[in-house]
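# Observations on the model geometry
Chain residues, written in single-letter form:
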Amino acid sequence: GEEVAQTPKHLVRGEGQKAKLYCAPIKGHSYVFWYQQVLKNEFKFLISFQNENVFDETGMPKERFSAKCLPNSPCSLEIQATKLEDSAVYFCASSPQSEETQYFGPGTRLLVL
Amino acid sequence: QKEVEQDPGPLSVPEGAIVSLNCTYSNSAFQYFMWYRQYSRKGPELLMYTYSSGNKEDGRFTAQVDKSSKYISLFIRDSQPSDSATYLCAMSVFSGGYNKLIFGAGTRLAVHP
């Protein structure tokens, strides 16, 4: 598609439950990025993929967060055993091979109660 | 100290005013400078993208980069109520076909009729 698609728009989980978020990058874009936006607009980089390969995962809290980008499937970000502080908006972005800019999806708003 | 500093505002101006939004940064390796606009409950939308020092104009928007001072600006002429949003600066180093964006905190702008 021509836009980055993210589902669901909203997700509510009880503390300790699992949350799974999905992202379909723009068709033809080979890079996918996940960001976490918490209060006051602070964007935190989580992970990036080049096609199905993890490129940079320096921002991921690895003990509970995992992500995949498999061929012919939406990319996913999964949080095991969610905590209250995981409440945030999670944005996915994609980028073509040779561009420096990233194009963002509408985000998934996760609320952990 | 954060790599990118941006005054979160809020900034309130009357319709028709010239708006100046600014960011400073500490990493001299940054090569690419972007401004994103984010409406409430939406994903960031790329507004302007510049490489290296200089000015770039697009309609009512002008982006300015001063690498010697590590300072970037976005000017909005003849501001409109529809410009009311959060403006995020972002910058990156492009290396190996990949860039990771570092965002400022975002400045909330309100343009009142």
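The model shown is predicted, which means the values in this text are computed figures rather than measured ones. (Residues numbered from 1 in each chain as written. Chains lettered and ligands numbered in written order. Predicted model: local features only at pLDDT ≥ 70, side-chain atom pairs only at ≥ 80, totals over all residues. Heavy atoms only, no water.)

Simply put, disulfide is the name for a covalent bond between the sulfur atoms of two cysteines. Residue and element names in this part refer to chain A. Counted under the stated rule, the structure contains three disulfides over all chains. At a sulfur-sulfur separation of 1.8 Å, the disulfide partner of Cys23 is Cys92. Judged by the sign of its S-S torsion, about -55°, the cystine formed by Cys23 and Cys92 is left-handed. Here Cys92 lies in strand 9 (residues 88-95) and Cys23 lies in strand 3 (residues 19-24), a separation of 69 residues in the sequence. Looking at Cys23, the relative accessible area reads 1%, which means it is buried. In chain A, numbering the disulfide-bonded cysteines from first to last in sequence yields the connectivity 1-4, 2-3. (Disulfide = S-S within 2.5 Å. Helix = DSSP H or I, 4+ residues; strand = E, 2+ residues; numbered from the N terminus. Buried < 20%, exposed > 50% of the residue type's maximum accessible area, 1.4 Å probe, protein only.)

Between chain B and chain A, the residue contacts involve 24 residues of the former and 25 residues of the latter. Between chain B and chain A, the buried area comes to about 1,900 Å², and carbon and sulfur atoms account for 54% of it. Taken together, the links from chain B to chain A amount to one salt bridge. Among the ionic pairs, Lys2 of chain B bridges to Glu42 of chain A, the shortest N-O distance being 2.7 Å. Counting across the chain B and chain A interface gives three residue pairs in polar contact (both at pLDDT 80 or more). Of all elements in the fold, only strand 4 (32-38), strand 5 (45-51), strand 9 (85-92) and strand 11 (98-99) of chain B reach the threshold of two or more residues within the side of chain B that touches chain A. Here the element with the most residues in the side of chain B that touches chain A is strand 4 of chain B; it accounts for four residues. (Contact = heavy atoms within 4.5 Å. Buried area = accessible area lost by both parts, 1.4 Å probe. Salt bridge = Lys/Arg side-chain N within 4 Å of Asp/Glu carboxyl O. Polar contact = N/O pair within 3.5 Å; in protein donor to acceptor, adjacent residues only side chain to side chain.)

The subject of this paragraph is the nonpolar core. One finds Trp35, Ile72, Leu74, Tyr87 and Met91 of chain B to be the most contacted residues of the largest nonpolar core, which totals 24 residues. Setting aside its immediate chain neighbours within four residues, Tyr87 of chain B contacts Gln6, Leu21, Tyr36, Arg37, Leu47, Leu74, Ile76, Gly106, Thr107 and Leu109 of chain B. With 23 residues, the next largest nonpolar core counts Phe65, Ala67, Cys75 and Leu77 of chain A among its residues. (Core = buried A, V, L, I, M, F, W, Y, C linked by side-chain atoms within 4.5 Å.)

Here we come to the pairing of strand 7 (residues 61-66) of chain B. Residue and element names in this part refer to chain B. With five bridges connecting them, strand 6 (residues 54-58) and strand 7 associate as antiparallel partners. In the sheet register, Asn55 faces strand 7, and the bridge partner there is Gln64. Hairpin connection from strand 6 to strand 7: two residues lie between these consecutive antiparallel strands, with Gly59 at a positive phi of about 65°. Bridge count between strand 7 and strand 8 (residues 71-76): six bridges; the pairing is antiparallel. Residue pairing across strands places Ala63 opposite Leu74, the latter belonging to strand 8. (Pairing = 2+ DSSP bridges.)

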